[in-house]
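One letter stands for each residue in the lines below.
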Amino acid sequence: MNNSILVTRSSMPEYQEYIDEIKEIWDSHWLTNMGVKHKELQAELVSYLKVPSIDLLTNGHMALELSLQALHLPKGSEVITTPFTFASTTHAIVRNGLEPVFCDINPVDFTMDVTKIEALITDKTSAIMPVHVYGNICDVEEIQRIADKYGLKVIYDAAHTFGVEYKKKGIGSFGDVSCFSFHATKVFNTIEGGAACFADQDFGLDLYRLKNFGIRGPETVDGVGANAKMNEFCAAMGLCNLRHVDEEIAKRKAVVERYMEHLDGVDGLQMNPIQKDVKPNYAYFPVIFEENVFGATRNEVMEALAEQGIGSRKYFYPLTNTFDCFHGKYDPSQTPVALHLSKRVLTLPLYADLSLEDVNRICKIILNCKR
Ligand SMILES: *Cc1c(COP(=O)(O)O)cnc(C)c1O
């Protein structure tokens, strides 16, 4: 179908811009292992993201997984996290031999409900791993207060918050570590890629070694690391995309504003509010469909859109604490707000080049479902 619309569309530079960017790689035959492009992108991102230090990795998941490893949390200790996220967050905890403890989310911006964290802390708790979900930032001040009070590490899944600032500070400068994803579907992409932001240089050195097999020196391997180095072609894509990302975010803003013109105030629909003191990035446009008021369920709306060739996603459904791989180990009724929202949320198409006419069309289909 010609007029079909996907839920997202990767940002790309002009073909020639990328070709020019990779010329140097061709000439040098240096394809990976922290080459020129890697270093250049690293330097540009430290400044763009307003963070103390950054390391680049193959993807956002490895940033999370290796950051947790580099924090050296006691094996089997508990990490308080959210089930209203992508599989990666929970998997990074479990794959490190740590125990996820699920905290509910608040019903306004869907980030971790900070009033419910302290009740979950035990003598086995070692860290808090919240998610800045959809680009909405967590209550970073309250989370830090709790972490300081109990001596816990804080690692943010910042996969959705590229370029977001809070009180003029880069969102990646909060907590012990913040991990971004530069996956093709994210606001900023390096095709596949990710990064960890941190201030502690000892942590940074550990992470740097862990992404390169735990190699300390030519004859010393003292960490059980992985291979998670960003290659030069991905870094080159990042350098190109970074030149246009502000423009892309501005276009996303126009799309979101058009959605709001149509959908804000409609009974039975809930959207995330603009947060105070935050420079947003318009990463996603989630809508909650309260079927008792709106008259149609989330699934019915999704089908109505699909019939017209329009993609949407049940993002995040199911909750990670219901995943088959955990064999019923966790009880999703302990996170009732997340459970309720996961059954009603639909994220609508949102990308820089989505036309406002298409947004009008999408909203018309949605409003036609109202009964
Ligand atoms: C995309 C994403 C990740 C994983 O990032 P990749 O770069 O795809 O590995 C982790 N957490 C969240 C919330 C994400 O959306």
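Residues numbered from 1 in each chain as written. Predicted model: local features only at pLDDT ≥ 70, side-chain atom pairs only at ≥ 80, totals over all residues. Heavy atoms only, no water.

Novice: Please give an account of helix H3 (residues 60-70) that cites residues and values.
Specialist: Within H3, nine of the eleven residues are buried, which leaves it mostly tucked inside the rest of the structure. Burial in H3 covers these residues: Gly60, Met62, Ala63, Leu64, Glu65, Leu66, Ser67, Leu68 and Ala70. Near the N-terminus of H3, the side chain that reaches the backbone nitrogen of His61, with its oxygen 3.1 Å away, is that of Asn59. Count one or two residues on from H3 and you reach His72, which has phi positive near 50 degrees. (Buried < 20%, exposed > 50% of the residue type's maximum accessible area, 1.4 Å probe, protein only. Helix = DSSP H or I, 4+ residues; strand = E, 2+ residues; numbered from the N terminus. Polar contact = N/O pair within 3.5 Å; in protein donor to acceptor, adjacent residues only side chain to side chain.)

Novice: An account of the sheet that holds strand S15 (residues 345-348) is requested, with residue identities and associated values reported.
Specialist: Across the sheet, three strands lie side by side as S12-S14-S15; this open sheet has antiparallel pairing. Across the chains shown, the open sheet's two edge strands, defined by having one partner strand only, are strand S12 (269-271) and S15. On average, each strand axis in the sheet is tilted by 30 degrees relative to the strand beside it, whichever way the strands run. Two strands pair when backbone bridges link them, and strand S14 (residues 285-289) and S15 are joined in this way by four bridges, in the antiparallel orientation. (Pairing = 2+ DSSP bridges. Axes fitted to C-alpha atoms, helices over the stretch in contact; angles between N-to-C directions.)

Novice: Give me the lowdown on helix H6 (residues 201-210), citing residues and values where you can.
Specialist: By the burial criterion, the buried members of H6 are Phe203, Gly204, Leu207, Arg209 and Leu210. On its buried side, H6 packs onto strand S1 (53-57), H3, strand S8 (177-181), strand S9 (194-198) and strand S10 (215-217). At the N-terminal boundary of H6, the capping side chain belongs to Asp200, with an oxygen 2.9 Å from the backbone nitrogen of Asp202. (Contact = heavy atoms within 4.5 Å.)

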